[in-house]
Amino acid sequence: MSVRTLPLLFLNLGGEMLYILDQRLRAQNIPGDKARKVLNDIISTMFNRKFMEELFKPQELYSKKALRTVYDRLAHASIMRLNQASMDKLYDLMTMAFKYQVLLCPRPKDVLLVTFNHLDAIKGFIQDSPSILNQVEETSRLLTEVYGSLPAGEFQLIRQTLLIFFQDLHIRVSIFLKDKVQNSNGRFVLPVSGPVPWGTEVPGLIRMFNRKGQEVKTVEFSHGGNYVTAPKEGSFELYGDRVLKLGTNMYSVNRPVETHTSGASKNLASRTEENIAPNPLAKEELNFLARLMGGMEIKKPSGPEPGFRLNLFTTDEEEEQAALTRPEELSYEVINIQATQDQQRNQELTRIMGEFEITDQPRWSANKGDDLLAMMDEL
């Protein structure tokens, strides 16, 4: 497991979240000023300097539930609210999109180009907000500084860590199904055409060498695909041609997007096990959340500006039906953390969760558990 995976996972999933929210804000005809405020608030929170500093520290990748909690808070960092069914769908779309991108990366290092594609698109959302734009550009520089000199082996380890994280997720997404890049069982179809990885040759030729390193024989073979040489390497600079299209906004053309959880029985058992089985990293995960959320500055709505609810489904009826029919094993329970007993130890955590409080979510009893592990056991 690579300790450098978390920033790439967070930034790419966050980029997909912003693509989806932007599309739904337009589809629901939310007034432009409100839509801009939502995106600006979320991006400003997501790229907060202290938050990024904490995120980029070398650390193990934590569970889906822990990360889901961070995205739940992030999605509610502005005047917009999502109910449970819409939040579930949002997270499903985010994770399946990035899983597809990781699977299709020609080289392990290209996951960095995917990340830059997300950051480039995010900059487009905030062109009229120079201070927020500067936050995103600082993160781009940090990416180059941290990942620019990593060897190929480390990127391979990062890719493996990401694929392990996504391996049990087989949720069907309508866009992928219509484009025939996903099968009805939720598994992706890998292409056998297109450009080969930069720096490699089109397959079809075997070269044989003698012990002196001299080429003595060549044999051609049929590879069954339709490959071409990569035209050039994508740019890893702050601005440049990424060449790779993975990570760009697939919702820029207005298309309805649905997710389907039926037929995903194979991953129910693993998710149930994750929800029920004791997690040996529970204490570390809660401390991770405390540190991570401590760096996020949530701006509470000021003035009389009313909030609004965003629906990730076409109609309210579809949203209500999805909430009723979604298997319990596929629902992500948001971790609610209470810490009031040991003030010296838990004062920071209490302050953090107070800032993140969402009024329509149930609260856990505040008089249970002295340490973080005990609190995790009670959830």
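Residues numbered from 1 in each chain as written. Predicted model: local features only at pLDDT ≥ 70, side-chain atom pairs only at ≥ 80, totals over all residues. Heavy atoms only, no water.

Draft legend 1. Summary view of the overall build of the chain. Secondary structure summary: the chain contains 14 helices and 8 strands in total. When the 379 residues of the chain are sorted by exposure, 48% land in the buried category. Here the contacts in the chain between residues at least 6 apart in sequence split such that 80% fall between residues at least 24 apart. Per element, the accessible surface of the chain, about 18,400 Å² overall, is 52% carbon and sulfur. (Helix = DSSP H or I, 4+ residues; strand = E, 2+ residues; numbered from the N terminus. Buried < 20%, exposed > 50% of the residue type's maximum accessible area, 1.4 Å probe, protein only. Contact = heavy atoms within 4.5 Å. Areas by Shrake-Rupley, 256 points an atom, 1.4 Å probe, with all protein chains shown as cover.)

Draft legend 2. Spatial organisation of the side chain of Q135. Within the fold, Q135 resides in helix α7 (residues 130–147). Among all residues touching Q135, those that are not within four sequence positions of it are S44, F47 and N48.

Draft legend 3. Main features of helix α2 (residues 32–46). Its 15 residues give α2 an end-to-end C-alpha distance of 21 Å, which sits within 8% of 21 Å, the value for a rise of 1.5 Å per residue. Within α2, 11 of the 15 residues are buried, leaving the element largely enclosed by the surrounding structure. (Expected span 1.5 Å × (residues − 1).)

Draft legend 4. Structural detail: the layout of surface pockets. Each pocket or cavity is described by its volume, and for the second largest pocket that value is around 600 Å³. Elements that contribute at least two residues to the lining of the second largest pocket include exactly α5 (84–104) and β3 (193–195). The greatest single-element share of the lining of the second largest pocket, amounting to 3 residues, is contributed by β3. Broken down by class, the residue content of the lining of the second largest pocket amounts to 17 nonpolar, 3 polar and 6 charged. (1 Å grid on protein atoms, 1.4 Å probe; cavity = no way out; pocket = protein on both sides within 12 Å on 5 of 7 lines; lining within 4 Å. Points joined across faces, edges and corners; volume = space filled by probe spheres on them. Nonpolar A, V, L, I, M, F, W, Y, C, P; charged D, E, K, R; others polar.)

Draft legend 5. Summary view of the packing of aromatic side chains. Going through the model one piece at a time under the given rule, you end up with 11 aromatic pairs. Each ring, one from Y19 and one from F125, has its centre 6.5 Å from the other, and the planes form 70 degrees; the classification is edge-to-face. Of the two residues, Y19 is situated in helix α1 (residues 6–27) and F125 in helix α6 (residues 111–125); the sequence distance between them amounts to 106 residues. Classification of F125 by relative accessible area gives buried; the value is 19%. Note on F165 and F166: the rings are 5.2 Å apart at their centroids and 80 degrees apart in plane angle, and the pair reads as edge-to-face. Residue F165 shares its accessibility class with F166, and that shared class is buried. (Phe/Tyr/Trp six-rings, centres within 6.5 Å; stacked < 30°, edge-to-face > 60°.)

Draft legend 6. Summary view of the environment of G186. Structurally, G186 can be placed in the loop between α9 (174–178) and β3. Considering only alpha carbons, one finds G186 and I171, 15 residues apart in sequence, at a separation of 5.3 Å. In this structure, G186 is in contact with M96, H170 and R172, ignoring residues within four places of it in sequence.

Draft legend 7. The arrangement of the pairing of strand β4 (residues 205–209) in detail. In this sheet, strand β5 (residues 215–220) lies alongside β4 in antiparallel orientation, the contact comprising 5 bridges. Bridge assignment links F209 to a residue of β5, and that residue is E215. Counting the residues in the hairpin turn of β4 and β5 gives 5 residues, including G213, whose phi is positive at 85 degrees. (Pairing = 2+ DSSP bridges.)

Draft legend 8. Structural view of the pattern of salt bridges. The full count for this structure, using the stated rule, is 14 salt bridges. For R207, the salt bridge is made with E215, and the minimal N-O distance between the two is 3.6 Å. Given the relative accessible area of 38%, R207 is considered partly exposed. Each of R68, D72 and D88 takes part in one network of salt bridges that share partners. (Salt bridge = Lys/Arg side-chain N within 4 Å of Asp/Glu carboxyl O.)

Draft legend 9. Broad picture of a nonpolar patch on the surface. A cluster of nonpolar side chains, contributed by I206, M208, V216, V219 and F221, occupies part of the molecular surface with about 400 Å² of accessible area. Elements with a contribution of two residues or more to the nonpolar patch: β4 and β5. For V219, the position within the fold is in strand β5. V219 sits in the partly exposed class, given a relative accessible area of 32%. (Patch = residues over 30% accessible without salt bridge, like charges linked within 9 Å, V, L, I, M, F, W, Y side chains within 5 Å.)

Draft legend 10. A look at the packing of α5 against helix α8 (residues 152–166). The N-to-C vectors of α5 and α8 enclose an angle of 140 degrees; their axes lie 10 Å apart at closest approach. One finds that α5 runs oblique with respect to α8. Crossing angle aside, the handedness with which α5 passes α8 is left-handed. Across from Y91, T95, F98, K99, V102 and L103 in α5, the residues of α8 making contact are R159, L162, L163, F165 and F166. Classifying every residue of the contact of α5 with α8 by side-chain character gives 8 nonpolar, 1 polar and 2 charged. (Axes fitted to C-alpha atoms, helices over the stretch in contact; angles between N-to-C directions. Parallel < 35°, antiparallel > 145°, perpendicular 65-115°, else oblique. Left-handed = near helix turned anticlockwise from the far one by under 90°.)

Draft legend 11. Spatial organisation of the packing of α1 against α2. Viewed as axis vectors pointing N to C, α1 and α2 meet at an angle of 175 degrees, and their least axial separation amounts to 10 Å. Considering the angle they form, α1 stands roughly antiparallel to α2. Contacts between α1 and α2 involve F10, L11, G14, G15, M17, L18, L21, D22 and L25 from the first element and A35, V38, L39, I42, I43 and M46 from the second. Split into classes, the residues belonging to the contact of α1 with α2 amount to 12 nonpolar, 2 polar and 1 charged.

Draft legend 12. Quick look at the confidence of the model for the chain. On average, residues of the chain score 78 in pLDDT, and 69% of them reach the 70 mark or higher. The spread of mean pLDDT over the elements of the chain runs between helix α10 (residues 268–276), the lowest at 41, and α6, the highest at 96. Below a pLDDT of 50 lies the segment residues 357–379, which in the model reaches 42 contacts outside its immediate sequence neighbourhood of four places, other chains included. (pLDDT = per-residue confidence, 0-100.)

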